[in-house]
Amino acid sequence: MKNKLLYIDVCVLKIIAILMVVVAHYFRFFEPTSRLSGLKSVGFFGAALFAFLSGYLANINSEKVWGGEEWLFHKIGSVYLPYVITNLISMFIYKSWTVNPLKQILMGSNDGVLWYVPFIMVFYMLFFIVKINGWSLLFLPGVGTMIFVGLEIIGADSQWYTSIGALMFGLWADKLKDNKVKAIFQNATLLLICSVATIKFGNISLLKDVLTAIAGIGFCGMVFNIAMLIPNKEPQNCKRLLSIVSGSAYWTYLIHMKVGKVVGSATDLELIHFLGISVLIAIILNECYLLLKNQINQRGKNC
């Protein structure tokens, strides 16, 4: 049995998480009257899984933080800069360049679904500060609790709660050495009970949001333990391909709403077309971005 998720596991889980979010957004924004519109709820768990992976990877790779600011700069370059580029493009798609352009560029406010990127960048900065100062990781759940309360006060949507809980769970998942099969059933039970309870107590805001967060933890715990049980090995000579696939999946998340707006305004938007066009454009953007990064790095070495 593996003692940690392999790179291929992380890539597959990242693709699953992003696919869940993209499919949810399709039924939420483009086909809200479809018989499958209930699938819009899976986006909450997709966001939770992505947050879990972010916390898990930050913790198991925490020794890289000691290399200085390079770790944080890498996160900015791989996560935040593509987001800023996407926001610049979307201002022209939405024709919204006159409405608080700085907020649109830095916070992605024009389509309202890319909240995760500034959310996770705040986490990366806090994690970096905690590690370089030698503080306890318990500082982060304390901050997470304060953010949870703040979001509760302003009445934020459920994806925030599932993501905060899953992110904190990811930080400690590597330390859980339970029987994996038993843990799968325990987390599946937790997911089921809390999901049902969320529906039953949906009119009690605080209780519903706490149950939503716990359900997200249950889902991530179940998926994590299933992945840990799969007896795979790190494929040789495929890291480059996996990196491209992973990067393209992230770009798919960034641009799918823009694709939906442009294509949906011209023709009926079928799910398969929505996904196919989004992935194709994402692959092109990912390759262009990697080429640009490589050229900048090469010039930096030559200076």
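For the structure itself, look to the data block above.
A short tour of the structure in this document, coming up.

Observations regarding the overall build of the chain
Phase 1 of the analysis: Of the regular secondary structure elements, the chain holds 11 helices and 0 strands.
Phase 2 of the analysis: Against the 2.2 N^0.38 benchmark of 19 Å for 303 residues, the chain shows a C-alpha radius of gyration of 20 Å, consistent with a compact globule.
Phase 3 of the analysis: For the C-alpha atoms alone, the extent of the chain along its principal axes is close to 50 × 50 × 40 Å.
Phase 4 of the analysis: Here the chain holds 303 residues, and 47% of them are scored as buried.
Phase 5 of the analysis: Taking all contacts inside the chain whose residues are at least 6 apart in sequence as the whole, residues at least 24 apart take part in 76%.
Phase 6 of the analysis: Of the accessible surface of the chain, which amounts to about 16,100 Å², a share of 68% is contributed by carbon and sulfur atoms.
Phase 7 of the analysis: Treating the 25 positive side-chain charges of the chain as one cloud and the 15 negative ones as another, the clouds have centres 3 Å apart.

With respect to the state of the cysteines
Phase 1 of the analysis: Taken as a whole and judged by the stated rule, the model has 0 disulfides.
Phase 2 of the analysis: Among the cysteines around C194, which has no disulfide bond, C220 carries the closest sulfur, lying 13 Å off.

A word on the packing of aromatic side chains
For any two aromatic rings, the description comes down to two numbers: the centre-to-centre distance and the angle of the planes.
Phase 1 of the analysis: Counted by the stated rule, this structure contains 21 aromatic pairs.
Phase 2 of the analysis: An aromatic cluster is built from W71, F123, Y124, F127 and F128, whose rings are joined through pairwise contacts.

Examining helix α10 (residues 239-264)
Phase 1 of the analysis: Between its terminal C-alpha atoms α10 stretches 35 Å, which fits the 38 Å expected from 26 residues at 1.5 Å a residue.
Phase 2 of the analysis: At I255, α10 shows its strongest bend, of approximately 50 degrees.

Rules and cut-offs
Residues numbered from 1 in each chain as written. Predicted model: local features only at pLDDT ≥ 70, side-chain atom pairs only at ≥ 80, totals over all residues. Heavy atoms only, no water. Helix = DSSP H or I, 4+ residues; strand = E, 2+ residues; numbered from the N terminus. Rg over C-alpha atoms; globule rule 2.2 N^0.38 Å. Buried < 20%, exposed > 50% of the residue type's maximum accessible area, 1.4 Å probe, protein only. Contact = heavy atoms within 4.5 Å. Areas by Shrake-Rupley, 256 points an atom, 1.4 Å probe, with all protein chains shown as cover. Lys, Arg positive; Asp, Glu negative; His and termini not counted. Charge placed at Lys NZ, Arg CZ, Asp CG, Glu CD. Disulfide = S-S within 2.5 Å. Phe/Tyr/Trp six-rings, centres within 6.5 Å; stacked < 30°, edge-to-face > 60°. Expected span 1.5 Å × (residues − 1). Bend = angle between axes of the 7 residues up to and from the residue.

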